[in-house]
Amino acid sequence: MLTRRPGGEPFKIKAVEPVGITTRQQREEILRKAGYLQFRIPSEFVYIDLMTDSGTSAMSDNQWAGIMMGDEAYAGCRNFFNLESAVRDIFTYPYVIPTHQGRAAENILMLAMLRPGDYVLGNMFFDTTIAHIEHKGCIGEEFLIPEGYDTESEHPFKGNVDVERMEDFIKKNGASRVGMIIITITSNSNGGQPVSMRNIREVSGVARQYGIPLIFDAARYSENCFFIKKRERGYEDKTLPEIAAELFSYGDGATCSAKKCALVNIGGFIAVKSKEVYDKCLQYLVLFEGFPTYGGLAGRDLEAMARGLRQGLDEAYLEDRIGQVAYLARRLSEAGASVVTPPGGHGVYVDCKKTLPHLEMDKFPADALSVALYLDSGVRTVGLGTLAFGRKDAGGGWVFPELELLRFAIPRRVYTDRHMDVVADSMSSVLKDRGNIKGLRLVKEAPRLRHFLSTLEPLP
Ligand code: F0G
């Protein structure tokens, strides 16, 4: 496990924001009103918000200065050209298209590249990625290595693709039916787990052999590059920009939610090698996002993104960031939680099947633990288990997902290790009485997007 950087945080704090301090009695009432759904809790009542690392970063003084340099011209604003040059430098792809966030980039690139009925192959798709694949009438197939599903495996690259199984699939179904391969770096859905350079090179070999485009979902690309430097032989002496350049050289393009590693509160982009794909994307871009030099964002947002992209590859920052994730993982594990190992890049994932073995899956163990933590300390987390991903069979019975995880996603440069101590201490006190966590039941089940829109209540 990585340890904390001995020197402490590589930044000092210039602006502060008060956080919501509430009493347990108030939190009982807040939870009741929210239908025991974390998404319905107003953030002013949250003490430490680990719901997501997306769009929640603290920007640097340099980025805030960039905000004042926004050129709000409709066409050709200077901030677009700054963004374009940052993306070209890091991603190496010549054609850059801004979008308002990651899912908009997915929508546009898939509209441009996929035909209905195509297969899309990948390691593990994020929710919006699979939703966009299906929205285009296509079928997503995941080929994560088996270690990726094993929450206790210490494999250093649990986001890797099982290349042999993927190639077999291509041979069986025919390459012409595969519209693209998407490698998500890092793989969010199983814990922010990285993909090795070797694995990316091998997938690229298969993609090229069969003439299939290889696209990266690059939301957390800089954290992936950092893991390659720390864990893969031959990369220890390379700089992170060198690692990024090699990694992206194996693909044909990327979609990126800039709300993660690019350290902004809103933004995204597409970057591609092919002029033909770029031209097709522009048709949809104008329809859904805006003119190609602003793509649904203000000039100032483009500037913050251009600057954040470069800062996101700073090694001291990444050492601190990923060190903080590892620190929380160790503290939660000491508190008695079964933590997914090794910890990933953007948060700690707790295996709730193992942490609350007395709860059946239809009692939503991850969300029940989430509610118990909020009640105890005002810490907000998000359940990624049955409530989010469970399906119903024809008879209305549950088809449970493989994993029942509680995610502690850490916003970048926002919380100190003392905040992490509060989270771990709360986990410890909650787990001392884990038998008291009886689970939740659905009072009103939303027909779609269940975990965003349903209403629950605690079981007696
Ligand atoms: N790809 C990955 C791997 C993601 O984690 C996300 C968002 C997206 C694409 C979509 O990007 O939100 O900018 O439209 N993940 C957030 C999360 C929501 O909480 O993990 P977006």
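Residues numbered from 1 in each chain as written. Predicted model: local features only at pLDDT ≥ 70, side-chain atom pairs only at ≥ 80, totals over all residues. Heavy atoms only, no water.

Visitor: I'm lost on the packing of helix H4 (residues 102–113) against helix H5 (residues 127–135) in this one. Help?
Guide: A pair of packed helices is characterised by two quantities: the angle between their axes and the separation of those axes. At a minimum axis distance of 10 Å, the contact between H4 and H5 shows a crossing angle of 30°. Taken together, H4 and H5 sit at an angle that is classed as roughly parallel. The handedness of the crossing between H4 and H5 comes out as right-handed. Of the residues in H5, those in contact with Arg-103, Glu-106, Asn-107 and Met-110 of H4 are Thr-128, Thr-129, His-132, Ile-133 and His-135. For the contact of H4 with H5, the class distribution of residues is 2 nonpolar, 5 polar and 2 charged. (Axes fitted to C-alpha atoms, helices over the stretch in contact; angles between N-to-C directions. Helix = DSSP H or I, 4+ residues; strand = E, 2+ residues; numbered from the N terminus. Parallel < 35°, antiparallel > 145°, perpendicular 65-115°, else oblique. Left-handed = near helix turned anticlockwise from the far one by under 90°. Contact = heavy atoms within 4.5 Å. Nonpolar A, V, L, I, M, F, W, Y, C, P; charged D, E, K, R; others polar.)

Visitor: Sorry, what's going on with the sheet that holds strand S6 (residues 214–217) here?
Guide: Remark on secondary structure: sheet strands pair via backbone hydrogen bonds, oriented parallel or antiparallel. Read from one edge of the open sheet, 7 strands run S2-S8-S7-S6-S5-S3-S4, paired in mixed fashion. This sheet does not close on itself; its edge strands, each paired only once, are strand S2 (95–99) and strand S4 (139–142). Between one strand axis and the next, the sheet turns by 20° as a mean value, whatever way the strands run. One ladder, built from 5 bridges, connects S2 with strand S8 (residues 268–272); its direction is antiparallel. Directly across from Pro-98, in S8, lies its bridge partner Phe-269. Running over the sheet, H4 touches S2, strand S5 (178–184), S6, strand S7 (253–257) and S8 and is turned about 155° from S7. Contacts from helix H10 (residues 275–288) reach S2 and S8 within the one sheet, and its direction differs from that of S2 by about 20°. (Pairing = 2+ DSSP bridges.)

Visitor: For this particular structure, what's the right way to read the site of the ligand?
Guide: Near the ligand, the surroundings consist of 16 residues, among which Thr-52, Arg-103, Asp-217, Ser-257 and Lys-260 are the closest. Asp-217 is positioned with one of its side-chain polar atoms (N or O) 2.7 Å from a nitrogen atom of the ligand. For the ligand, whose accessible area on its own is 480 Å², the fraction buried by protein is 93%. At 3 residues, H4 tops the list of elements feeding residues into the shell around the ligand. Class assignment of the residues belonging to the shell around the ligand gives a composition of 1 nonpolar, 8 polar and 7 charged. (Near = heavy atom within 4 Å. Polar contact = N/O pair within 3.5 Å; in protein donor to acceptor, adjacent residues only side chain to side chain. Areas by Shrake-Rupley, 256 points an atom, 1.4 Å probe, with all protein chains shown as cover.)

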